[in-house]
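Residues per chain are reported as follows:
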Amino acid sequence: MSSEALHTRPQHPGTAHAVRLATPADAEGIVRLRSAFVLAEPLSEEWIVRSSAELAARLACGGDARACVVDAPDGTLASCALALVHPVLPEPASPSGRAARVHAVATHPSWRRRGHARSALTALLDRLRAEGVAPVEADAPAAVGALFRASGFCGSLAPMRMTWPEPAVRGRVDEKTGHVWLPLEQYAETVMKATGFACVLFTDVHDRPVQLHGVYSATHPWQLVGGTMDPGERPWETAVRECREETGIELGGPPRLLATVYGLPGTEWPYSTMGLVFDGGRLDEARLRDIVLDPREHDEVRVLPLPEWRPLMPPRDFARLGAVMEARRTGVAAYFDTWDWGAQ
């Protein structure tokens, strides 16, 4: 979808607002405007991350989302209008077999009463009309009903909708404090969700880090041996399994912990990440030559002095590698808590 600016017709004498088609990079801003100023109950940060990632994919070329936005001077979004296109049976009212629903029209309070919402909605409808998408329906709460009517919408402003009701909260009430103690299964749904991983640091006999080149991740091209924990595994068991699968090396002996790693969720992954990095020891030239890679995951083994890894890795990945190497050198386990998803 093009990001070239669209200049809509002035809605008031002497005023014209530059509107542009949204790109995947605008997804989070649109989701945050919708969450804060459209939804009856704002989304949690976890759901904002998940919804933003979904919308970014749907705003990409070939996706089913269409949006127009107005930029604020500080680089955030002042206003947005979002529609989702869906297939329908062809008929005179929808000859292209595609219809759309306007999912959100929102303006930040700091930029209201300037005609931004009207400009964004007008540009969005022009875009849909140009694509032959019809009919166009809308989720139009009463607060913006006049805007939708002025844009040509008619009929009910609040279509009926079925939402499966949440089960009633049942818990034990503490008679002294009034605190409600939820049943275990309900409380478990409220706590933070996280994925775990375990990795192994190998070096050669000159203490140069050994890393594998991943075939599936342009974001993290060079990786320590290791991976995500399977259900029921303990971290060391994951390290042993992943090492065997990725290199053919069988780890033995009690584990020596080098680092604990934590990352906040982001657009790349919707959950927090926690992992442990263990010391795999030093590999001589013969053992390095004997490494057998799984071609579905890695296509190269490389051994380099630590400084030479810097230009080959994202800054956060190199910082983590440096912390792990320092832990190996000093014998003091590292705590590295800034390996966040979506950060650089």
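Structure's up top.
For clarity, every value in this text was computed on a predicted model and none was experimentally measured.

Peer 1: It is not clear to me how the pairing of strand S3 (residues 65–71) should be interpreted in this structure. Could you clarify?
Peer 2: Look at any regular strand and the pattern is simple: side chains alternate between the two faces of the sheet. By the criterion of burial, S3 is predominantly enclosed, with six of the seven residues buried. Here strand S2 (residues 18–21) runs beside S3; their pairing, made up of two bridges, is antiparallel. Across the sheet, the residue bridging to Arg20 is Val69, located in S3. Bridging between S3 and strand S4 (residues 77–87) involves seven bridges; their strand directions are antiparallel. Within S4, the residue paired with Cys68 across the bridge is Ala81. What sits between the antiparallel neighbours S3 and S4 is a turn of five residues, in which Gly75 has the positive phi angle 95°.

Peer 1: Honestly, the side chain of Asp204 in this entry has me stumped. Any pointers?
Peer 2: Mapped onto the fold, Asp204 is located in strand S9 (residues 194–204). With residues up to four places along the chain from it excluded, the contact list for Asp204 reads Val210, Arg282, Leu283, Leu288 and Val303.

Peer 1: I keep staring at the side chain of Arg320 and nothing clicks. Help me out?
Peer 2: For Arg320, the location among the structural elements is in helix H9 (residues 315–330). Buried within the structure, Arg320 lacks any salt-bridge partner; its nearest side chain of opposite charge belongs to Asp317, at an N-O separation of 5.5 Å. If we skip the residues at most four places from it in the chain, Arg320 touches Phe197, Val261, Phe336 and Trp339.

Reading the values: the criteria
Residues numbered from 1 in each chain as written. Predicted model: local features only at pLDDT ≥ 70, side-chain atom pairs only at ≥ 80, totals over all residues. Heavy atoms only, no water. Buried < 20%, exposed > 50% of the residue type's maximum accessible area, 1.4 Å probe, protein only. Helix = DSSP H or I, 4+ residues; strand = E, 2+ residues; numbered from the N terminus. Pairing = 2+ DSSP bridges. Contact = heavy atoms within 4.5 Å. Lys, Arg positive; Asp, Glu negative; His and termini not counted. Salt bridge = Lys/Arg side-chain N within 4 Å of Asp/Glu carboxyl O.

None of this, on its own, says anything about what the molecule does.
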